[in-house]
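Structural characterization, general
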Amino acid sequence: MNFITQVTISIVLYFIMRISVKRSSSLYISSLVASLSYILMYLFLYQSITLLPTIHFLVTGLSLIILFISYYEIVLLERNVRKIKLGLFQNAESFPIERSYKLVFKILGVGLFFLSLALLSGFAIQSIFTNNLIIKSVFTVIAWIIYLLTIIGIKFFNYPIKYATRGLFVSMWTVLVAYLANSYLIYN
């Protein structure tokens, strides 16, 4: 079973747990189950475990899982906001909208942290500083700058958390696309 299959199975487990658990803590429970399932699958399937490659693949997989979790949470949040705007209060879930946006923003921050750990472990694994690492470094630094600017905008300039979360989500996807496209172009 390869890396992408393990991540996909963990994401499917997240969706199953998120839909089946009907408690306020279902996000935390399902995220924990998805993350632990990925870690356990990785450690169980690979017999020869060395420290740096293991850390690299674990944090890369966890950042992908967190990206999909945040995507699903943003879709749920936007769907419920749309229901409320249309006046469908009986079908909408009762939740504080701002708190949910802040939670997704924090989840994206954790994903960015894991992505940065993946970059650092990639530096440690690869002894030659290649174009691949330069491009990944540039995009990770850009994502961190966007994240820090949105935090400053929220704290000091009353930037709406809704737009900050959406902007950070788009920047995380662009970082992921840059990583994947860069790897694809380098190896093909």
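One structure accompanies this document, and this report is about it. Quick caveat: nothing in here was measured; it's all calculated off a predicted structure.

Calculation criteria
- Residues numbered from 1 in each chain as written.
- Predicted model: local features only at pLDDT ≥ 70, side-chain atom pairs only at ≥ 80, totals over all residues.
- Heavy atoms only, no water.
- Phe/Tyr/Trp six-rings, centres within 6.5 Å; stacked < 30°, edge-to-face > 60°.
- Helix = DSSP H or I, 4+ residues; strand = E, 2+ residues; numbered from the N terminus.
- Buried < 20%, exposed > 50% of the residue type's maximum accessible area, 1.4 Å probe, protein only.
- Core = buried A, V, L, I, M, F, W, Y, C linked by side-chain atoms within 4.5 Å.
- Contact = heavy atoms within 4.5 Å.
- Expected span 1.5 Å × (residues − 1).

1. Observations regarding the packing of aromatic side chains
- Under the counting rule described, the total for this entry stands at 7 aromatic pairs.
- Consider the rings of Tyr14 and Tyr72, whose centres lie 6.0 Å apart with planes at 85°: the pair is edge-to-face. Here the residue Tyr14 occupies a position in helix 1 (residues 3–20), and Tyr72 occupies one in helix 3 (residues 51–85), the gap between them amounting to 58 residues. The pair Tyr14 / Tyr72 is uniform in exposure class, with both members buried.
- Ring geometry for Tyr38 versus Tyr42: centroids 6.4 Å apart, planes at 40°, classification tilted. With Tyr38 and Tyr42 both in helix 2 (residues 26–45) and 4 residues apart, the pair spans about one turn of that helix.

2. Describing the nonpolar core
- The biggest cluster of nonpolar side chains holds 39 residues, and the ones touching the most others in it are Val7, Tyr38, Ile65, Leu108 and Met172.
- Among the elements of the structure, helix 1, helix 2, helix 3, helix 4 (97–125), helix 5 (131–157) and helix 6 (161–187) are those that each provide at least two residues to this core.
- If you tally residues by element for this core, the top one is helix 3, at 13 residues.

3. A short note on the side chain of Ser116
- Along the chain, the position of Ser116 falls in helix 4.
- Setting aside residues up to four positions removed in sequence, Ser116 forms contacts with Thr140 and Trp144.

4. Re helix 3
- Under the 1.5 Å per step criterion, the end-to-end length of helix 3 is 50 Å for 35 residues, consistent within 8% with the ideal 51 Å.
- Downstream of helix 3 by a residue or two, Gly87 has a phi angle that is positive, lying close to 85°.

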